[in-house]
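Spelled out, the chains give:
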Amino acid sequence: MKSKLLVLILFTGATAFAAHVAVGIAVGYPAYAPAPVAVYAPPPPSPAYYAPPPAPGPNYSWVSGYWYPSGPRYAWRAGYWAPRPYAGAHWVAPRYYRGAYYHGYWRR
C-alpha cells in the first residue's frame, strides 16, 4: 500500500512540473493587404533609383529602396534581393496615400 501511495505522489508531483508543448501547422498564405499606418508628417522624399546588382539566385526578387516612417521623420531602406516566399510571388512596394503609409507585401 505504501509503494502505491509513493508512486501516486511521485506521479502527481512530476506532472505538476512537466513542460507543456503545443505544435501548430498552417498551410497557405495570408490573403489580406496590410493595414495603413497613421503618419502625421508630410509625404516622404522621392525615392532614389539605381540599377540593382546581379541576382544571387534564380528564385530572388529585387525589392527597390523606399522611405518608411521612423518616429516624426522618414528613414531610407536601401534596395535588396529577397527570396520569393512562394511561386509566382511579386513584391508590392510600400506607398504613401492620402496621409497614410502602407507597408510593402508579397502578392501572387
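Just so it is clear, the structure is predicted and the values come from calculations on it, not from any experiment.

So what exactly am I meant to see when it comes to the packing of aromatic side chains here?
How two aromatic rings sit relative to each other is set out by the distance from centre to centre and by the angle between their planes. Enumeration according to the criterion identifies four aromatic pairs in this entry. For the pair W62 and W81, a centre-to-centre distance of 5.3 Å together with 65 degrees between the ring planes defines the contact as edge-to-face. One end of the pair, W62, is in strand β2 (residues 60–63); the other, W81, is in strand β5 (residues 80–83), and 19 residues separate them in sequence. Its relative accessible area of 19% is what places W62 among the buried residues. Their ring planes at 65 degrees and their centres at 5.4 Å tell us that W91 and W106 sit as a pair that is edge-to-face. Taken together, the positions of W91 in strand β6 (residues 90–92) and W106 in strand β9 (residues 105–107) put the pair 15 residues apart, joining distant regions of the chain. On the basis of relative accessible area, W106 is assigned to the partly exposed category, the value being 23%.

Analysis parameters
- Residues numbered from 1 in each chain as written.
- Predicted model: local features only at pLDDT ≥ 70, side-chain atom pairs only at ≥ 80, totals over all residues.
- Heavy atoms only, no water.
- Phe/Tyr/Trp six-rings, centres within 6.5 Å; stacked < 30°, edge-to-face > 60°.
- Helix = DSSP H or I, 4+ residues; strand = E, 2+ residues; numbered from the N terminus.
- Buried < 20%, exposed > 50% of the residue type's maximum accessible area, 1.4 Å probe, protein only.

Geometric descriptors of this kind do not, in isolation, establish any biological role.
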